[in-house]
Amino acid sequence: MSIVALPSLRETIAAAESAFIDHFNAPAEFVVAAPGRVNLIGEHIDYCDGYVMPFALPVYAVFAAAVVPGRRTIVFSAGGDFTDVEVNLDEPIEPVDGCWGNYAKGVLAGFLARGIEIPDGFDLCLASDVPLGAGLSSSAAIEVSFATLLEAITGTTLGKKEKALLCQKAEHDYANVPCGIMDQFASAFGEEGKLVLIDCMKEEAELVPFERDDLTVLISNTKVSHQLSDGGYAKRRHQTEVALKATGKPSWRGVTMTDIDAVQSELGDEVYRRARHVVTETARTLDAAKALENGEMETLGKLMYESHDSLRDDFEVSCSELDVLVAAAKELGADKGVIGARMTGGGFGGSTVTLCRTDAAEEVANFLAERYKVETGIDAQIMAARPSQGALVYKGA
Ligand code: GLA
């Protein structure tokens, strides 16, 4: 049995509520949740006006909170891997290196910058089941969850798009990761049984039905991770900007291989390959959406493998652990129920996503786990996930 059982949202909510009572000796008035995400296809192109196709995972960052009238501080208690954080609403909100509270602080700063008043301080507890450093957007889950809490506490509705963009800015300004919009959009817009197809140029999300009981999405966490703030992510993003500038086009939307071939010598090999990934991955994502609509699973699987190859060879954001898992899935192949596999998320570690037949899922997971253990000595964490509900208010106005 290699597939780990995930806690239900109810359980995570109960954990946050009981942590709140333990810590603050009173029940929480507000309880909100926002999920992590997995991306089926469309990687490293959300900051290149591309299309991406993630969905919200059934793992959540839950905040339980209560307003303390007249007090001007917010006290965060997180427990477990997190340290407590205190923010004074009357002082400038400054990030602190490496602290999880930066995600919430950035969101708070975004609310204040919009002139939304936070009249009183409050106490809050975080319980999160989104695995950290697994490429499943644990940070976006915290941001979107905290923004949802501030909406509830202040009686403001930002709207999903504005909320997601505010959270993206929090990640840029307070966590030093120049991310695109995918993670925050998936966490805010996700719905049960729906993929979130995002047009990253228009910043619009379309919900695409994905209610196939015969198919299972396996997520395999390599348990190796490199911080996106280490620089590899920012460097890739910069290289795509350099490449776009060379083409003379205002946006990646509409840039073709002919356009980048025309400036190949100016770009040099490395930047050329980055650009090739952007152009081919954008095309693959649109083709994948079409394949899904037409039920052409073989085509979808092929596109997933191609996406992985491009991320490994052209964009160079994969690593040996991710490659082992994708190669193992490919080796099993369609006969043994695997449709396709690729790395998912920012890369440099994190997780792979494997689409397989539900009746074969357990055996596929066993094979991946065994092969991964033999090749790396590490026990992978393998989850089965269905598209789930995005950010929600469970308790409170
Ligand atoms: C991280 C970023 C996203 C996106 C992915 C790669 O998750 O936060 O914006 O760029 O990497 O697709």
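Reading the values: rules and limits
Residues numbered from 1 in each chain as written. Predicted model: local features only at pLDDT ≥ 70, side-chain atom pairs only at ≥ 80, totals over all residues. Heavy atoms only, no water. Helix = DSSP H or I, 4+ residues; strand = E, 2+ residues; numbered from the N terminus. Contact = heavy atoms within 4.5 Å. Polar contact = N/O pair within 3.5 Å; in protein donor to acceptor, adjacent residues only side chain to side chain. Near = heavy atom within 4 Å. Areas by Shrake-Rupley, 256 points an atom, 1.4 Å probe, with all protein chains shown as cover. Nonpolar A, V, L, I, M, F, W, Y, C, P; charged D, E, K, R; others polar. Domains from an automatic or database assignment. Pairing = 2+ DSSP bridges. Axes fitted to C-alpha atoms, helices over the stretch in contact; angles between N-to-C directions. Buried area = accessible area lost by both parts, 1.4 Å probe. Salt bridge = Lys/Arg side-chain N within 4 Å of Asp/Glu carboxyl O. Buried < 20%, exposed > 50% of the residue type's maximum accessible area, 1.4 Å probe, protein only. Expected span 1.5 Å × (residues − 1).

### Notes on the environment of Thr 240
Piece 1. Residue position: Thr 240 is located in helix α6 (residues 232-247).
Piece 2. Here the alpha-carbon distance between Thr 240 and Arg 274, two residues 34 residues apart in the chain, equals 6.5 Å.
Piece 3. With residues up to four places along the chain from it excluded, the contact list for Thr 240 reads Tyr 47, Cys 48, Trp 252, Val 278 and Phe 315.
Piece 4. A polar atom in the side chain of Thr 240 sits 2.6 Å from the backbone oxygen of Arg 237.

### Regarding the site of the ligand
Piece 1. Around the ligand sit 13 residues in total, of which Glu 43, His 44, Asp 46, Asp 183 and Tyr 233 are the nearest.
Piece 2. In the complex, 96% of the free accessible area of the ligand, which totals 310 Å², lies under the protein chains.
Piece 3. Here the residues of the shell around the ligand sort into five nonpolar, four polar and four charged.
Piece 4. Taken domain by domain, the shell around the ligand gets at least three of its residues from each of domain 1 (9-36 + 59-182 + 388-395) and domain 2 (215-385).

### Quick notes on the sheet that holds strand β12 (residues 381-385)
Piece 1. One open sheet holds the four strands; their spatial order is β10-β11-β9-β12, and the pairing between them is antiparallel. If you trace the sheet from one side to the other, it starts and ends with β10 (338-344) and β12, each paired once. Between one strand and the next, the sheet's axes are offset by a mean angle of 20°, whatever the strand orientation.
Piece 2. Two elements, β10 and strand β11 (residues 351-357), share six bridges in a ladder whose sense is antiparallel. Bridging from a neighbouring strand, Met 343 pairs with Thr 352 of β11.
Piece 3. The strands touched by helix α10 (residues 320-332) are β9 (215-221), β10 and β11; relative to β10, the strand with the most contacts, the crossing angle is about 170°.

### Points about the domain arrangement of the chain
Piece 1. Here the chain is described as being made up of domain 1 (9-36 + 59-182 + 388-395) and domain 2 (215-385).
Piece 2. A separation of 30 Å is found between the C-alpha centroids of domain 1 and domain 2.
Piece 3. With twelve residues of domain 1 at the interface, the matching set in domain 2 holds 15 residues.
Piece 4. Surface buried jointly by domain 1 and domain 2 totals about 880 Å² across both partners, of which 64% is contributed by carbon and sulfur atoms.
Piece 5. Our count for the domain 1 to domain 2 interface comes out at zero salt bridges.
Piece 6. For the interface between domain 1 and domain 2, the tally reads four residue pairs in polar contact (both at pLDDT 80 or more).
Piece 7. A class-by-class count of the residues in the side of domain 1 that touches domain 2 yields seven nonpolar, five polar and no charged.

### Looking at unusual backbone geometry
Piece 1. In this structure, Asp 49 is a non-glycine residue whose phi angle is positive, near 55°.
Piece 2. Topologically, Asp 49 is positioned in the loop between β1 (30-39) and β2 (51-52).
Piece 3. Within the chain, Lys 223 stands out as a residue other than glycine whose phi angle is a positive 65°.
Piece 4. Position of Lys 223 among the secondary structure elements: in the loop between β9 and α6.

### What to know about the environment of Ala 288
Piece 1. Along the chain, Ala 288 falls in helix α8 (residues 264-293).
Piece 2. You can call Ala 288 buried: its relative accessible area is 0%.
Piece 3. Sequence separation between Ala 288 and Glu 270 is 18 residues; the distance between their C-alpha atoms is 26 Å.
Piece 4. Contacts of Ala 288, omitting those with residues within four sequence positions, involve Ile 41, Met 53, Leu 300 and Leu 303.

### Some thoughts on α10
Piece 1. Compared with the 18 Å implied by 1.5 Å per residue over 13 residues, the 18 Å span of α10 between its first and last C-alpha is a close match.
Piece 2. Listed in full, the buried residues belonging to α10 are Glu 321, Leu 322, Val 324, Leu 325, Val 326, Ala 328, Ala 329 and Leu 332.
Piece 3. Residues of α10 that are buried sit in contact with β9, α9 (297-313), β10, β11 and α11 (361-376).
Piece 4. Positioned one or two residues after α10, Gly 333 has a phi angle of 75°, which is positive.

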